[in-house]
Amino acid sequence: MANVRRIVDVETRELEVFELTTDEKGLAEMRADPEGYVRKVLAADIDHINGVSFDVHVLSELNKATAVSGGPYVVHHTVSGKWESWVEVTNPK
């Protein structure tokens, strides 16, 4: 049995959705440091990011040595509360 409960009620102020695609060089950078790469490519659009999370399918794809896909990935940026900025990278497949 599982219990799920909301631990805080925060009004979401903003939700942005981006599409991320990258070339071979970018894919190599993303494999080496997924969080750092996402922060780098979003730096021009997002000033502050508290955390970055990845769908397990995205991480699995990045870990496969034979994978050559550079996306597209869907990036959700949620802002709720003062300085609460979170990014989630998912695979739309």
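Residues numbered from 1 in each chain as written. Predicted model: local features only at pLDDT ≥ 70, side-chain atom pairs only at ≥ 80, totals over all residues. Heavy atoms only, no water.

Novice: How should I be thinking about the overall build of the chain in this particular structure?
Specialist: When its secondary structure is counted, the chain shows three helices and four strands. Reading the helices (α) and strands (β) of the chain from amino to carboxyl end gives β-α-α-β-α-β-β. By residue count, 32% of the 93 residues in the chain fall in the buried class. Sequence separation of 24 or more characterises 67% of the internal contacts of the chain that already satisfy a separation of 6 or more. With the model as given, the accessible surface of the chain reaches about 6,600 Å², and the carbon-plus-sulfur share is 51%. (Helix = DSSP H or I, 4+ residues; strand = E, 2+ residues; numbered from the N terminus. Buried < 20%, exposed > 50% of the residue type's maximum accessible area, 1.4 Å probe, protein only. Contact = heavy atoms within 4.5 Å. Areas by Shrake-Rupley, 256 points an atom, 1.4 Å probe, with all protein chains shown as cover.)

Novice: I tried to follow the pattern of salt bridges on my own but got confused; where do I start?
Specialist: Close approach of charged atoms allows side chains with opposite charge to pair. Evaluation of the coordinates by the stated rule reveals two salt bridges. Here K40 makes a salt bridge to E29, at a shortest N to O gap of 2.5 Å. Of this pair, K40 sits in helix α2 (residues 34-42) while E29 sits in helix α1 (residues 24-32), and the two are eleven residues apart along the sequence. Given a relative accessible area of 49%, K40 falls into the partly exposed group. Residue classification places E29 among the partly exposed positions, given a relative accessible area of 29%. Close ionic contact of E35 with R39 constitutes a salt bridge, the shortest N to O distance being 3.0 Å. On the criterion of helical spacing, the pair formed by E35 and R39 is a turn pair, its members being four residues apart in helix α2. (Salt bridge = Lys/Arg side-chain N within 4 Å of Asp/Glu carboxyl O.)

Novice: What am I meant to see in α2 here?
Specialist: An α-helix turns once per 3.6 residues; consequently, residues spaced three or four apart project the same way. Inspection of α2 places Y37, V38 and L42 among the buried residues, and these make up the whole buried set. Seen from one end, α2 has its buried residues packed into an arc of 120°, which puts them on one side. (Arc of directions from axis to C-beta.)

Novice: Quick question: what am I supposed to make of the nonpolar core here?
Specialist: Ranked by size, the top nonpolar core spans 16 residues in total, and within it M30, V38, Y73, V87 and V89 carry the most contacts. Secondary structure elements with two or more residues in this core: α1, α2, β2 (51-54), α3 (56-63), β3 (73-80) and β4 (85-90). The leading source of residues in this core is α2, at three residues. Contact partners of V89, with chain neighbours within four places excluded, come to V38, S53, F54, D55, V58, Y73, V74 and V75. (Core = buried A, V, L, I, M, F, W, Y, C linked by side-chain atoms within 4.5 Å.)

From the geometry alone we can't say anything about function, so treat these as descriptive.
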